[in-house]
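Observations on chain architecture
Listed below, chain by chain, are the residues.
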Amino acid sequence: MSENEAVGGSGGLAPVTEGEWAGWSTWQSDAFEQRAGPFYERQEDNGGYVSAFRAEPRHMNGAGFMHGGCLMTFADSAIFAIARKELAGGHGVTLNMTSDFLDPARVGQLMEARGRVVRAGGKTIFAEGLITADGQPVLRFNGIIRKVRGDR
């Protein structure tokens, strides 16, 4: 798929059936996430969601560590998986995102994000999460999602 094929596409969350990410899903209709990651997600046995991607050279900064913007982009994507149940198939936008960088990530590491909804009611969802690199914490994040109508 080219970068432009995903723009405005209707592919939605699509299952991956081959390779390292078999059993996961990815948002084919999100061109930015496909270029930035691509990012994958799946539901865990406990009902929560995990998001993941493999760190590549293109995700690194000049010092050879994962770029902070890449980590924050991944956190922003993951927070919507974390809040999937509360979004109930609807759309949302990020109102606020804060993060704490804990340790560097390197090429080849498996990046995973997990979290929980702290509070949800009306149109606002508060969530928190942790990104790990091969199981070691690298970024802690908090975010606020505002539910929006699909026609906006």
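Use the structure listed above.
Rules behind the numbers
Residues numbered from 1 in each chain as written. Predicted model: local features only at pLDDT ≥ 70, side-chain atom pairs only at ≥ 80, totals over all residues. Heavy atoms only, no water. Helix = DSSP H or I, 4+ residues; strand = E, 2+ residues; numbered from the N terminus. Buried < 20%, exposed > 50% of the residue type's maximum accessible area, 1.4 Å probe, protein only. Contact = heavy atoms within 4.5 Å. Salt bridge = Lys/Arg side-chain N within 4 Å of Asp/Glu carboxyl O. Phe/Tyr/Trp six-rings, centres within 6.5 Å; stacked < 30°, edge-to-face > 60°. Lys NZ or Arg CZ within 6 Å of the ring centre and 35° of its normal. Core = buried A, V, L, I, M, F, W, Y, C linked by side-chain atoms within 4.5 Å. Pairing = 2+ DSSP bridges.

Let's talk about the side chain of T124
In this fold, T124 is placed in strand β7 (residues 124-133). Since its relative accessible area comes to 18%, T124 is described here as buried. Once you skip the residues sitting within four places of it in the chain, T124 turns out to touch R119, I144, I145 and R146.

A closer look at the pattern of salt bridges
In the structure shown here, the tally under the stated rule is seven salt bridges. The salt bridge involving R84 is made with E41; its shortest N-O contact spans 2.0 Å. Of this pair, R84 sits in helix α4 (residues 84-87) while E41 sits in strand β3 (residues 40-43), and the two are 43 residues apart along the sequence. We note a salt bridge from E112 to R114, for which the minimum N-O separation is 3.5 Å. Salt bridges sharing partners connect three or more residues here, namely E44, E112 and R114.

Describing the packing of aromatic side chains
Aromatic ring pairs are described here by two measures, namely the spacing of the ring centres and the angle between the planes. Across all of its chains, the model carries five aromatic pairs by this definition. Between the aromatic rings of W21 and W24, the centroid separation amounts to 5.2 Å while the plane-to-plane angle is 85°, which identifies the pairing as edge-to-face. The pair formed by W21 and W24 is uniform in burial state, with each residue classed as buried. Each member of the aromatic cluster is reached from another via a ring pair, and the members are W21, W24 and Y40. In this arrangement the basic side chain of R84 is found over the ring face of Y49, its NZ or CZ atom lying 4.6 Å from the centre.

A few points about the nonpolar core
Counting residues in each nonpolar core, the largest one holds 27 residues, and the members touching the most others are M66, M111, I131 and F141. Those elements that provide at least two residues to this core are α3 (68-82), β6 (110-121), β7 and β8 (136-148). For this core, the element with the most residues is α3, which contributes seven residues. Those residues in contact with M66 that sit more than four places away from it in its chain are F53, A55, H59, M60, N61, L71, A105 and M111. Of all hydrophobic cores here, the second largest spans six residues; its members include W21, W24, Y40 and V50.

Focus on the pairing of β6
With four bridges connecting them, strand β4 (residues 49-54) and β6 associate as antiparallel partners. Within the sheet, the bridge partner assigned to F53 lies in β6 and is M111. Counting the residues between successive antiparallel strands, the hairpin from β6 to β7 contains two residues, one of them, G122, with a positive phi of roughly 60°.

Topic: unusual backbone geometry
Most peptide bonds take the trans configuration, and most residues that are not glycine carry a negative phi. In this structure, P38 follows G37 across a cis peptide bond, with omega equal to -5°. Structurally, P38 is set in the loop between α2 (31-36) and β3. Despite not being glycine, A88 has its phi angle at roughly 50°, a positive value. Residue placement: A88 occurs in the loop between α4 and β5 (91-101). In the Ramachandran plot, D134 falls in the positive-phi region, its phi being about 50° despite a non-glycine side chain. With respect to the helices, strands and loops of the structure, D134 is situated in the loop between β7 and β8.

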